[in-house]
Amino acid sequence: MKKGVRGINPASKPSGTGCVECLASPGGWWFHLRRCAECGHIGCCDSSPSQHASQHAAATGHPIIASFEPGEDWFFDYEKQGMIKGVELIPPHTHPKNQPVPGPAGRVPANWESLLH
């Protein structure tokens, strides 16, 4: 871990291309994806029905996430409840650009907008 950057491990690899818990659940789906900056866990955002990224942070004590969305380059600290300056994480930095948002393909209900937080 880079000295002085608590909660960020630049060498951690993303756990996959989608929310780990949503993919493990037959009806799971997400709005946007977040990457744990410490261990690489990919979870769904707080607007998603299951909010797995924040649940991961609470369960593990890993306080910082990075967006895992194309075109976004930001970090958020759950403890400080605000955006912070991050460091370069190893790629990939986003889910595949051809992956639908929301996703995954074939699991998003027709009324998905009414189910967001």
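Here is what the cut-offs are and how they apply
- Residues numbered from 1 in each chain as written.
- Predicted model: local features only at pLDDT ≥ 70, side-chain atom pairs only at ≥ 80, totals over all residues.
- Heavy atoms only, no water.
- Pairing = 2+ DSSP bridges.
- Helix = DSSP H or I, 4+ residues; strand = E, 2+ residues; numbered from the N terminus.
- Axes fitted to C-alpha atoms, helices over the stretch in contact; angles between N-to-C directions.
- Contact = heavy atoms within 4.5 Å.
- Core = buried A, V, L, I, M, F, W, Y, C linked by side-chain atoms within 4.5 Å.
- Buried < 20%, exposed > 50% of the residue type's maximum accessible area, 1.4 Å probe, protein only.
- Salt bridge = Lys/Arg side-chain N within 4 Å of Asp/Glu carboxyl O.

Participant: Quick rundown of the sheet that holds strand 4 (residues 75-77)? Include the residues and the values.
Facilitator: Taken in spatial order, the five strands of this open sheet run 2-1-3-4-5, and their pairing is antiparallel. The open sheet is flanked by strand 2 (42-44) and strand 5 (82-84), the only strands paired with a single partner. Looking at each pair of strands side by side, their axes are set apart by 40 degrees on average, direction ignored. Here helix 2 (residues 52-60) sits on the sheet in contact with strand 1 (33-36) and strand 2, set at roughly 120 degrees to strand 2.

Participant: Describe the nonpolar core, listing the residues and the values that go with them.
Facilitator: A general tendency of soluble globular proteins is for nonpolar side chains to be buried together. In terms of nonpolar packing, the biggest core is built from eight residues, these being Val5, Ile8, Ala37, Ile64, Ala66, Phe75, Val87 and Leu89. Apart from residues lying up to four places away in sequence, alanine 66 is in contact with Arg34, Arg35, Trp74, Phe75 and Leu89. Core analysis: the second largest hydrophobic core is formed by seven residues, Cys19, Cys22, Leu33 and Cys44 among them.

Participant: Help me get a handle on the pattern of salt bridges, residues and values and all.
Facilitator: For side chains bearing opposite charge, pairing can occur when the charged atoms are close. Throughout the structure, instances matching the rule amount to two salt bridges. Across the salt bridge formed by arginine 6 and glutamate 79, the nearest N and O atoms sit 3.1 Å from each other. One end of the pair, arginine 6, is in the segment before helix 1 (20-24); the other, glutamate 79, is in the loop between strand 4 and strand 5, with 73 residues separating them in the sequence. When its relative accessible area of 52% is taken as the criterion, arginine 6 is described as exposed. Under the relative-accessibility criterion, glutamate 79 is labelled exposed at 53%. For arginine 34, the salt bridge goes to glutamate 72, with nearest N and O atoms at 3.8 Å. Here arginine 34, found in strand 1, pairs with glutamate 72, found in the loop between strand 3 (64-67) and strand 4; they are 38 residues apart in sequence, far enough to count as distant.

Honestly, that's just the spatial picture; any functional story needs more than this.
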